Amino acid sequence: MNVEVPIRPEKPTSVLAQPDYLNAGLEPLREFADRARRVQEELTALQQAAGDSARRAVARLGRELNDFEPAVTFLGQVKSGKTSLVNAMAGWPDLLPSDVNPWTSVVTSLHLSPGRERQETGASFQFMEEDEWDRLVHKGGRLGEMANRAGASGELETIRQQIEMLREKSRKRLGNKFEMLLGQEHEYGYFDKNLLERYICIGDDFFDDDPAEDIANQGRFADITRSADLYLNCNSKPFRMCLRDTPGVNDTFMMREQVTINAVRSSRICIVVLSAHQALTSVDMALIRMISSLKSRDVVIFVNRIDELHDPSAQIPEIETSLRKVLADHKGPEDADIIFGSAYWANTVLTENLDRMHSASTNALMKYAEMKLNASTLDQSPAAMIWHLSGLPELNRIISERIVTKLGDPKLTRIASSAVTIASGQQAANMVRVQGHQLHDPMSMFAVRSELNALAERHRTILSEKINQTIQAYQSRADRAHANFVERATHSLITHLENDGSGQVWSYSPTGLRMLLKSAYALFASRVQNAARSQYELAVVDIAELYFNAFGRAVEGIELSVPEVQELPAPVTIAQTIALDFNDGWWMSWWRRTRGYKAFARQFHTLVMAETQDFMTQLKTVQTAQIHDQMIYTLNAFFEQNLDIMIEISGGHEDREGNRRKCLEPEKLERLDKIEGIIDRLKSCCRLPETEGAGT
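Since we're looking at a predicted model, the values are computed, not measured.

1. A short note on the overall build of the protein chain
In step 1: On a plain count of helices and strands, the protein chain comes out with 22 helices and 10 strands.
In step 2: Across the 696 residues of the protein chain, 55% fall into the buried class.
In step 3: Pairs at least 24 apart in sequence give 86% of the contacts found in the protein chain among residues at least 6 apart.
In step 4: Counting every atom, the protein chain has about 30,000 Å² of accessible surface; 49% of that belongs to carbon and sulfur.

2. Some thoughts on the packing of aromatic side chains
In step 1: Counted under the stated rule, the structure contains 15 aromatic pairs.
In step 2: Plain terms: the ring middles of Tyr188 and Tyr199 are 5.8 Å apart, the flat faces sit at 75° to each other, and that makes the pair edge-to-face. On the criterion of sequence distance, the pair formed by Tyr188 in strand β5 (residues 185–188) and Tyr199 in helix α8 (residues 193–200) is long-range, its members being 11 residues apart.
In step 3: Taking the centre distance of 4.7 Å and the plane angle of 25° together, the rings of Tyr474 and Phe524 count as stacked. Placement of Tyr474 in helix α17 (residues 445–500) and of Phe524 in helix α18 (residues 511–551) is noted, with a sequence separation of 50 residues between them. When sorted by exposure, Tyr474 lands in the same class as Phe524, which is buried.
In step 4: An aromatic cluster is defined as three or more aromatic residues linked by ring pairs; in this entry it consists of Phe125, Phe127, Tyr188, Tyr190 and Tyr199.

3. Side note on the pattern of salt bridges
In step 1: Summed over the entire model, instances satisfying the criterion amount to 22 salt bridges.
In step 2: A salt bridge links Asp34 to Arg37, with the nearest nitrogen and oxygen atoms 2.4 Å apart. A residue pair is termed a helical-turn pair when its members lie 3 or 4 positions apart in one helix, as Asp34 and Arg37 do in helix α1 (residues 27–49) at 3 residues.
In step 3: A single network of salt bridges, built from pairs that share partners, joins Asp34, Arg37, Arg38 and Glu41.

4. A few points about the confidence of the model for the protein chain
In step 1: Averaged over all residues, the pLDDT of the protein chain equals 80, while 79% of them reach at least 70.
In step 2: Confidence over residues 202–216 falls short of pLDDT 50; this stretch has 30 contacts with residues more than four positions distant or in other chains.

5. As for the packing of helix α13 (residues 343–350) against helix α15 (residues 382–389)
In step 1: Running from N to C, α13 and α15 cross one another at 155°; their axes reach a closest spacing of 8 Å. The angle between α13 and α15 places the two elements in the roughly antiparallel class. For the crossing formed where α13 meets α15, the hand is left-handed. Note on element contacts: α15 touches α13 through Ala383, Ile386, Trp387 and Leu389, opposite Trp345, Ala346, Val349 and Leu350.
In step 2: Residues of the contact of α13 with α15, tallied by class, amount to 8 nonpolar, no polar and no charged.

6. Thoughts on the nonpolar core
In step 1: If you look at the biggest cluster of nonpolar residues, it comprises 192 residues, and the most contacted ones within it are Leu110, Phe125, Leu243, Ile271, Tyr547 and Met631.
In step 2: When residues in this core are grouped by element, the largest group, 17 residues, is from α18.
In step 3: When sequence neighbours within four positions are dropped, the list of residues in contact with Ile271 reads Val72, Thr73, Phe74, Leu75, Val300, Phe302, Leu395 and Ile399.

7. Focus on α15
In step 1: Most of α15 is tucked away: 6 of the 8 residues are buried.
In step 2: Of the residues making up α15, those classed as buried are Ala383, Ala384, Met385, Ile386, Trp387 and Leu389.
In step 3: Downstream of α15 by a residue or two, Gly391 has a phi angle that is positive, lying close to 90°.

8. Section: a negative patch on the surface
In step 1: On the surface, Glu129, Glu130, Asp131 and Asp134 cluster together to form a negatively charged patch.
In step 2: Along the chain, the position of Asp131 falls in helix α4 (residues 130–139).

9. A closer look at helix α2 (residues 52–67)
In step 1: For α2, with 16 residues, the first-to-last C-alpha span of 23 Å sits near the 22 Å given by 1.5 Å per residue.
In step 2: Ser53, Ala54, Ala57, Val58, Ala59, Leu61, Gly62 and Leu65 are the residues of α2 that are buried.

10. Some thoughts on the pairing of strand β9 (residues 299–304)
In step 1: Taking burial as the measure, the 6 residues of β9 include 6 buried ones, the bulk of the element.
In step 2: Residues Val299, Ile301 and Val303 of β9 are buried on one face, and the alternating residues Val300, Phe302 and Asn304, pointing to the opposite face, are buried as well.
In step 3: Where strand β8 (residues 269–275) lies against β9, 6 bridges are found, and the strand directions are parallel. Across the sheet, the residue bridging to Val273 is Phe302, located in β9.
In step 4: Bridge count for β9 against strand β10 (residues 337–340) is 4 bridges, and the pairing is parallel.

About the thresholds
- Residues numbered from 1 in each chain as written.
- Predicted model: local features only at pLDDT ≥ 70, side-chain atom pairs only at ≥ 80, totals over all residues.
- Heavy atoms only, no water.
- Helix = DSSP H or I, 4+ residues; strand = E, 2+ residues; numbered from the N terminus.
- Buried < 20%, exposed > 50% of the residue type's maximum accessible area, 1.4 Å probe, protein only.
- Contact = heavy atoms within 4.5 Å.
- Areas by Shrake-Rupley, 256 points an atom, 1.4 Å probe, with all protein chains shown as cover.
- Phe/Tyr/Trp six-rings, centres within 6.5 Å; stacked < 30°, edge-to-face > 60°.
- Salt bridge = Lys/Arg side-chain N within 4 Å of Asp/Glu carboxyl O.
- pLDDT = per-residue confidence, 0-100.
- Axes fitted to C-alpha atoms, helices over the stretch in contact; angles between N-to-C directions.
- Parallel < 35°, antiparallel > 145°, perpendicular 65-115°, else oblique.
- Left-handed = near helix turned anticlockwise from the far one by under 90°.
- Nonpolar A, V, L, I, M, F, W, Y, C, P; charged D, E, K, R; others polar.
- Core = buried A, V, L, I, M, F, W, Y, C linked by side-chain atoms within 4.5 Å.
- Patch = residues over 30% accessible without salt bridge, like charges linked within 9 Å, V, L, I, M, F, W, Y side chains within 5 Å.
- Lys, Arg positive; Asp, Glu negative; His and termini not counted.
- Charge placed at Lys NZ, Arg CZ, Asp CG, Glu CD.
- Expected span 1.5 Å × (residues − 1).
- Pairing = 2+ DSSP bridges.

Below, the structure is given as structure tokens:
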């Protein structure tokens, strides 16, 4: 349900000029944007030159390129400075409120599109569904469920009291609209700071009974807001992108953890924001687990707030050494890129308030500049130097390179390859018309369509069966890993009881289970990709044969490319916190309330199985089903594209002699030359290899 809310802007966000140095590091993205623009131009030209059927296929490619929006997800605990960093990346220091601590499970996505005028263009806020709120209220969320299973009645009661206070305050804000708003979406044709605070910020004092907050209307809908999407023009970015600001993972009810996991799963580039004062401390265990489930090339670590260090030049090497050790000890990405910087310095540059910088920060800046700056930066302005020291140019460079190499180039190459196939199909269509009198009796379009549909169904069935078999093998391996873990842990527990008794608290790390599941998933992902790639290749061979059988040697010029097999999302669900991750009050409470070896073993088995059931289901069922559908979708799109091309070619058989005469007309020859030029330019700007025709 979409609700249009008629609220007028009260306080627009600031609009600042964009000096050249703010674009430092974005050069790879700018070059990619130029190539994307050229491909889009060639798609437009091809759409104008193509026939009706092929025009539809070209239009689909154009929409796909227009919709391409690489996402960069920012992770970290509360108060690490994620939001300030996102503001600096967007070039607007006061874009998202960063002076409050929102507890809600809100993922805020900034959709940035290049534009000459910097202005807000719209916002959309999605509220929690009824079952999500019900899980929080009646079960205490993930944290309450764990406390209940572990028998930690004291902690569970505390959680219930906090949630009850939260619910009462929410009802006080929203009144009778409370239940009605669940599941709704509010859309606006603008946004400003005041509007954002109503939906995504509730502040540090949400447990305080202070009417001042209600008077200010801050956080009116924040209790039930699940996600926010902001759309704006941004002249500091050469290509559209989405900056996704996630909630901190160290929240009271662990609501943030789950929505952050979902955000990470849908993103290929993750920026982990840490505070220089406490980089990856024990508080960050949930974050460490999340990082460990990702590949090194998917993670960039930005150590923020170096402006608060006494001597950054001396302390940064020590912090990096310690950080890499923690990552290595917890099987994290040891070779991940680590950048040190300061969102505070960057935003000070953006607001042009260099003279108002805190004295301690100024001292840290001067010490860091002595080490970091060199002769090439001495002729820059003070603002440009500070921007360089903030770490933003280096972060921009790494993000740009990864967007281009991991997301942009593969996308552009696939679209250009598909366009070349369509364009060469147009050439073949004209060849059929010119040489039609030399061909054997062609297949009717009805026969071609029937044969193509049969091929699509056969390949779809075979691929589906292969993937399902791979899924079954993966599920069996995951189940064995799960069962073996519980068995080993139970054996360890009994051994401890036999040797040390119940006086000493026993603990067992679930890291082994996560590593086994991660290994099982990696094997599954590799096998699914290989199965899809093999089936796509066989589909291309069969399509090529159908072209030749239907239209003869006239279609030898068609260039068919194998559909791209996408990388599969990381198994970040295994990062979800379970009761065994706690070695504090809960575990001790469970331990003290249990009596007898058999009772320990039985209750432990029940606890672990229940705690791991959620992410096992996500890994084994939900994520595998999404992967299956993704691979089948790519195959279907390939057959649909070639059906459009064959429909276009078949039109040449209706009147062979008439079409032959038409193709010899100057405008027809000019059309052929134009299509040939489009093919050459597509190959050039996307560096496509020369491919053989379908008839060979």
